[in-house]
Amino acid sequence: MSDFPAQTDVLVIGAGAAGLMCASVAGRRGRSVLVLDHANKVGKKILMSGGGRCNFTNLYTAPENFYSRNPHFCKSALARYTQWGFIALVEKHGIPYHEKSLGQLFCDNKSKDIVDLLLAECRAAKVQIRTRCGVSSIEPLEKGFQVHTGLGEVRCESLVIATGGLSIPTMGATGFGYDVARQFGLNIIDTRPALVPFTLHQRQLEQQGELPGSALAVTASCDSGSFNEQLLFTHRGLSGPAVLQISSHWREGQAVDFDLAPGRDLAQWLGEQRAERPNTHLHSALAELWSKKLVQYFLQQRKITSLPLKQYTQAELKDIGEQLQHWQLVPAGTEGYRTAEVTLGGVDTDEISSRTMECKKQPRLYFIGEVLDVTGWLGGYNFQWAWASGHAAGEVA
Ligand code: FDA
């Protein structure tokens with residue numbers, strides 16, 4: 001292509017959330033910036049995010065909402081470009097938004113509003129963007145890099161890798177960023193799909209019967225993680241925010257513990273029900289908490305026989321309460337990168353400056369966004385990391 005620049009100050013590979021943010025910030029500093037993406041359009045994950053309404057940040061973003069081998073790494077960037085910074089940008093562009101729950105901010109209309117915002121910022125900063133452009137190799141020069149792309153060769157002073165993680169390959173995800181990291185001798189923290197539904201064994205699925213589509217509020221716990229959110233039964237297994245969140249803590253073979261009546265002492269509640277209506281059967285009493293289908297399933301799973309409440313001793317009610325507030329299940333696995341929202345692990349943050357996102361071993365090479373070993377909870381945190389890390393690199397690249 002004749003108008004493909006042979007030279008640019010900053011080359012950003014990956015026109016996703018982090019790459020476009022970084023490009024616009026660098027461009028506003030007067031740097032010439034070129035962004036390349038192999039996909040046919042920019043910001044595909046933004047477009048599909050938040051059920052089409054992009055949960056673009058979280059009001060309560062804090063370093064505690066992120067997983068990383070070094071939990072301190074994300075602090076500097078998150079403190080310098082906060083959720084309030086991005087909210088101000090959203091308001092500057094007149095994008096209507098609302099808080100759904102737990103501080104999660106969503107567009108009122110479409111995720112495309114956020115892509116349009118980033119493109120407008122890039123236009124204002126004179127950033128050039130090329131899609132359908134892959135990169136075949138990167139050569140370090142004495143100062144900067146020579147990059148061979150599908151559209152030609154380009155020389156740059158600063159090279160920013162913003163190619164994201166491995167989740168949803170059909171949306172253009174690749175391991176390119178990890179390959180570049182390896183090329184420059186950087187350590188990679190093992191990657192695994194996260195914010196991902198659980199699959200169940202065939203026998204477990206058969207026991208679920210008519211449950212798919214049913215949901216209830218639970219506390220899901222595993223390892224050191226615990227989340228109060230909705231659990232959803234699906235045809236393949238378990239999903240819903242509680243499962244997506246806890247999947248980041250789960251490892252193969254581990255049991256997940258579900259409190260099916262969070263915030264309640266079930267044994268005490270059943271004791272009260274017994275005093276008030278002794279002839280009521282256990283399943284009818286529990287139908288005040290969950291649908292009949294769910295009650296039947298939980299009682300069957302735990303082999304609990306439903307009798308009139310007066311026939312249970314306090315010790316038996318305590319045992320029933322225990323079983324339903326610690327409903328343990330070992331998932332068969334997860335749905336994997338095919339449906340995972342994010343990738344845990346990635347480029348080891350020990351290799352990167354937490355202030356600038358520059359690689360310590362290779363001057364002028366930057367890694368931002370999900371390609372790094374920084375992964376947020378469900379709820380807008382992953383985009384906030386993309387904005388913050390992109391901003392940090394854009395200020396110096
Ligand atoms: P991102 O994946 O956005 O961008 C990477 C870019 O690099 C892509 O455009 C890709 O095409 C390009 N690329 C990859 N390999 C390349 C190569 N070899 N050559 C050239 N280009 C290449 N988060 C959140 O906070 N709120 C939400 O609502 C959601 N919702 C959500 C829904 C779904 C279905 C998914 C899959 C994910 C989310 N997320 C989310 C997570 C969020 O989308 C994710 O964390 C960010 O997009 C990461 O931003 P990055 O810029 O790092 O990567």
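Naming follows an unreviewed UniProt entry, where the protein chain appears as Aminoacetone oxidase family FAD-binding enzyme of Microbulbifer rhizosphaerae.

Asker: Describe the packing of helix H1 (residues 17-28) against helix H5 (residues 112-124), listing the residues and the values that go with them.
Answerer: The N-to-C vectors of H1 and H5 enclose an angle of 25°; their axes lie 8 Å apart at closest approach. In terms of axis orientation, H1 runs roughly parallel to H5. Two packed elements cross with a definite hand, and for H1 against H5 that hand is left-handed. Counted together, Leu-20, Met-21, Ala-23, Ser-24 and Arg-28 of H1 and Leu-118, Glu-121, Cys-122 and Ala-124 of H5 form the full contact between these two elements. The residue inventory of the contact of H1 with H5, partitioned by class, reads 6 nonpolar, 1 polar and 2 charged.

Asker: How would you sum up the pattern of salt bridges? Please name residues and give values.
Answerer: As enumerated under the stated definition, the model contains 13 salt bridges in all. Taking the shortest distance from any N to any O, the salt bridge between Glu-335 and Arg-236 comes out at 3.0 Å. Of this pair, Glu-335 sits in the loop between strand E18 (333-334) and strand E19 (342-347) while Arg-236 sits in the loop between strand E14 (225-233) and strand E15 (237-239), and the two are 99 residues apart along the sequence. Overall, the relative accessible area of 12% leaves Glu-335 in the buried class. In this structure, Glu-351 and Lys-361 form a salt bridge, with 3.1 Å as the shortest nitrogen-oxygen distance.

The rules behind these values
Residues numbered from 1 in each chain as written. Predicted model: local features only at pLDDT ≥ 70, side-chain atom pairs only at ≥ 80, totals over all residues. Heavy atoms only, no water. Axes fitted to C-alpha atoms, helices over the stretch in contact; angles between N-to-C directions. Helix = DSSP H or I, 4+ residues; strand = E, 2+ residues; numbered from the N terminus. Parallel < 35°, antiparallel > 145°, perpendicular 65-115°, else oblique. Left-handed = near helix turned anticlockwise from the far one by under 90°. Contact = heavy atoms within 4.5 Å. Nonpolar A, V, L, I, M, F, W, Y, C, P; charged D, E, K, R; others polar. Salt bridge = Lys/Arg side-chain N within 4 Å of Asp/Glu carboxyl O. Buried < 20%, exposed > 50% of the residue type's maximum accessible area, 1.4 Å probe, protein only.

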